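# Understanding the architecture of this molecule
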Amino acid sequence: MKWIYIAAGIALFVKMLVLPNSAPVVPDFSIVESIVKDGGIPNAVTVIILRNRLYDTIFEVVVFTIAIMGVNFLLANEQPSCAIYRFTDQPSIVLARLGATISALVSIELAIRGHLSPGGGFAAGVAGGTAIGLIAITSSPEWMQEIYQRYHAATWEKVSVLVFIVLAAITLAGVELPHGEMGALLSGGIVPLLNILVAVKVALGSWAVVLVFIRYRGLL
């Protein structure tokens with residue numbers, strides 16, 4: 001039986017390397033060009049997420065919101081953890097906060113210019129959540145909770161979701177802002193604003209989840 005497999009392997013090798021191959025199929029980029037032209041921005045992925053598939057994106061944001069609410073609900077009846085672990089050595093603190101600064105700058109860049117280059121609201125939110133997580137592993141949980149409450153982060157998270165849903169519904173109804181000049185910072189109509197709202201939502205939602213797990217699990 002093994003000789004059959006060996007013969008089949010040799011035959012496949014001859015076919016792939018010896019016999020002439022058919023001409024490669026050139027992909028059709030006209031679809032990508034039409035998507036870019038339709039959205040008014042060079043980032044075709046953002047056009048698909050926040051324009052062509054906006055109906056799906058609305059529910060993705062809602063699912064993320066429900067997940068955060070679920071974490072709070074499931075852990076609400078548990079006792080807060082007595083042992084909370086975090087980095088206390090100075091080199092780790094410096095490196096983590098340096099990484100947090102870089103992640104925060106990347107988050108702002110992706111939120112503002114994500115419609116012009118690779119990136120977007122979800123990527124910006126993940127970068128912002130990473131920055132918050134790096135600060136959390138080197139800081140006092142009480143201080144993190146105080147900052148969260150002082151600046152009303154939970155309220156801003158809910159407001160960003162509601163504004164996103166309202167603007168998305170208006171866009172789905174056919175009302176759009178002018179696209180502007182292709183490649184400019186203010187191009188893309190309402191897409192840049194939706195990017196920023198998604199970034200705020202994901203970053204603040206990640207902050208809420210980090211605080212909950214620190215409080216009830218002691219995990220950093």
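Residues numbered from 1 in each chain as written. Predicted model: local features only at pLDDT ≥ 70, side-chain atom pairs only at ≥ 80, totals over all residues. Heavy atoms only, no water.

By the naming in an unreviewed UniProt entry, the chain goes by Cation:proton antiporter and is assigned to Nostoc cf. commune SO-36. If you open the UniProt record of the chain and go to Sequence similarities (unreviewed entry), you find "Belongs to the CPA3 antiporters (TC 2.A.63) subunit B family." Taken directly from UniProt, the Subcellular location (unreviewed entry) text for the chain runs: "Cell membrane". (UniProt positions renumbered as here; feature names shortened; annotations may be inferred.)

With that out of the way, let us pick up helix 6 (residues 121-136). End to end, helix 6 covers 22 Å across 16 residues, agreeing with the expected 22 Å (1.5 Å per residue, within 8%). Along helix 6, the residues that are buried comprise G121, A124, G125, A127, G128, G129, A131, I132, G133 and A136. (Helix = DSSP H or I, 4+ residues; strand = E, 2+ residues; numbered from the N terminus. Expected span 1.5 Å × (residues − 1). Buried < 20%, exposed > 50% of the residue type's maximum accessible area, 1.4 Å probe, protein only.)

The next thing to look at is the side chain of S160. By the element assignment, S160 lies in helix 8 (residues 153-172). Not counting the four nearest positions on each side in its chain, S160 is found in contact with L197, V200 and K201. (Contact = heavy atoms within 4.5 Å.)

Attention now goes to the packing of aromatic side chains. A complete count under the given rule lists 2 aromatic pairs for this structure. Consider the rings of Y55 and F59, whose centres lie 5.2 Å apart with planes at 65°: the pair is edge-to-face. Here the residue Y55 and the residue F59 both occupy positions in helix 4 (residues 54-74), the gap between them amounting to 4 residues, near one helical turn. Classification of F59 by relative accessible area gives partly exposed; the value is 47%. Taken together, a centroid distance of 5.3 Å and an interplanar angle of 75° make the contact between Y148 and W207 edge-to-face. (Phe/Tyr/Trp six-rings, centres within 6.5 Å; stacked < 30°, edge-to-face > 60°.)

Moving on: the nonpolar core. If you look at the biggest cluster of nonpolar residues, it comprises 19 residues, and the most contacted ones within it are F164 and L194. Elements with a minimum of two residues in this core: helix 2 (30-39), helix 3 (44-52), helix 4, helix 8 and helix 9 (191-217). Ranked by the residues each element gives to this core, the list is headed by helix 9, at 5 residues. Excluding residues that lie within four positions of it along the chain, L194 makes contacts with L50, L54, F164, L167 and A168. (Core = buried A, V, L, I, M, F, W, Y, C linked by side-chain atoms within 4.5 Å.)

The subject of this paragraph is empty space enclosed by the protein. Scanning the model with the defined rule gives 1 cavity of 30 Å³ or more in all. Estimates place the volume of the largest cavity at around 40 Å³. Lining the largest cavity, in full, are L50, R51, T171, E176, H179, G188, I190 and V191. (1 Å grid on protein atoms, 1.4 Å probe; cavity = no way out; pocket = protein on both sides within 12 Å on 5 of 7 lines; lining within 4 Å. Points joined across faces, edges and corners; volume = space filled by probe spheres on them.)

Moving on, we come to unusual backbone geometry. Here the phi dihedral of H152 falls at roughly 55°; this positive angle occurs in a residue that is not glycine. Secondary-structure assignment places H152 in the loop between helix 7 (141-150) and helix 8.

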